[in-house]
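Spelled out from the first residue to the last, the chains are:
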Amino acid sequence: RKRMNSNPSHGPFHFRAPSKILWRTIRGMIPHKTQRGMEALNRLKVFEGVPPPYDKTKRMVVPSALRVLRLKPGRKYASVGRISREVGWKYGDVVEKLETKRK
């Protein structure tokens, strides 16, 4: 019996890095096929860890986005890093090592 109707090597392709997963998620919220959406997406920057120009700036906490305030107690949640590891991202320990060196 035939199990697959398509060739998985033809796509859709899934990003594995957490920054690219976030980028793709935000792209889905933006009208990226219009000029305005393309310009907005070009202004978006996503990184693994904190790169050199931004490591000197003061970090801010957005109180309205805190998980303890947004989610009901007992709700399940997932971190993007854990999802990335599960789909095959191999550089989590490298980023972690660089972040500890940066601090």
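Above: the structure in question.
Description of the structure in this document.

Quick notes on the rules
- Residues numbered from 1 in each chain as written.
- Predicted model: local features only at pLDDT ≥ 70, side-chain atom pairs only at ≥ 80, totals over all residues.
- Heavy atoms only, no water.
- Helix = DSSP H or I, 4+ residues; strand = E, 2+ residues; numbered from the N terminus.
- Rg over C-alpha atoms; globule rule 2.2 N^0.38 Å.
- Buried < 20%, exposed > 50% of the residue type's maximum accessible area, 1.4 Å probe, protein only.
- Contact = heavy atoms within 4.5 Å.
- Areas by Shrake-Rupley, 256 points an atom, 1.4 Å probe, with all protein chains shown as cover.
- 1 Å grid on protein atoms, 1.4 Å probe; cavity = no way out; pocket = protein on both sides within 12 Å on 5 of 7 lines; lining within 4 Å.
- Points joined across faces, edges and corners; volume = space filled by probe spheres on them.
- Nonpolar A, V, L, I, M, F, W, Y, C, P; charged D, E, K, R; others polar.
- Phe/Tyr/Trp six-rings, centres within 6.5 Å; stacked < 30°, edge-to-face > 60°.
- Lys NZ or Arg CZ within 6 Å of the ring centre and 35° of its normal.
- Salt bridge = Lys/Arg side-chain N within 4 Å of Asp/Glu carboxyl O.

Section: the overall build of the protein
Here is step 1: Across its full length, the protein carries five helices and zero strands.
Here is step 2: Secondary structure of the protein in N-to-C order comes out as α-α-α-α-α.
Here is step 3: A compact globule built from 103 residues should have a C-alpha radius of gyration of about 13 Å, whereas the protein, at 18 Å, is more than 25% larger.
Here is step 4: The principal-axis extents of the C-alpha atoms in the protein amount to approximately 55 × 35 × 35 Å.
Here is step 5: Going through the 103 residues of the protein one by one, you find that 10% of them count as buried.
Here is step 6: Within the protein, contacts between residues separated by at least 24 positions form 54% of all contacts whose residues are at least 6 apart in sequence.
Here is step 7: Per element, the accessible surface of the protein, about 9600 Å² overall, is 57% carbon and sulfur.

Some remarks on the layout of surface pockets
Here is step 1: Empty space within the largest pocket amounts to approximately 200 Å³.
Here is step 2: Surrounding the largest pocket, Val50, Tyr54, Thr57, Lys58, Arg59 and Met60 form its lining.
Here is step 3: Per-class residue counts for the lining of the largest pocket are three nonpolar, one polar and two charged.

Quick word on the packing of aromatic side chains
Here is step 1: For the structure shown, the criterion picks out two aromatic pairs.
Here is step 2: Seen in terms of ring centroids, phenylalanine 15 and tryptophan 23 are 6.4 Å apart; in terms of plane orientation they differ by 80°. Their pairing is edge-to-face.
Here is step 3: Arranged with centres 5.6 Å apart and planes meeting at 45°, the rings of phenylalanine 47 and tyrosine 54 form a pair that is tilted.
Here is step 4: On the basis of relative accessible area, phenylalanine 47 is assigned to the partly exposed category, the value being 42%.
Here is step 5: Judged by its relative accessible area of 35%, tyrosine 54 is partly exposed.
Here is step 6: Across from the ring centre of tyrosine 77, 4.0 Å away, lies the NZ or CZ of arginine 67, which sits over that ring.

Observations concerning the environment of alanine 78
Here is step 1: In this fold, alanine 78 is placed in the loop between helix 3 (67-70) and helix 4 (80-87).
Here is step 2: For the pair formed by alanine 78 and lysine 20, sequence separation is 58 residues and the distance between their alpha carbons is 16 Å.

Focus on the pattern of salt bridges
Here is step 1: The full count for this structure, using the stated rule, is three salt bridges.
Here is step 2: Across the pair aspartate 55 and lysine 56 runs a salt bridge, and its minimum N-O distance is 3.8 Å.

Structural notes on unusual backbone geometry
With glycine set apart, most residues show a phi of negative sign, and most peptide bonds adopt trans.
Here is step 1: The peptide bond linking glycine 11 to proline 12 adopts the cis configuration, its omega dihedral lying at 5°.
Here is step 2: Position of proline 12 relative to the elements: it lies in the segment before helix 1 (18-28).

Read these as spatial facts, not as claims about activity.
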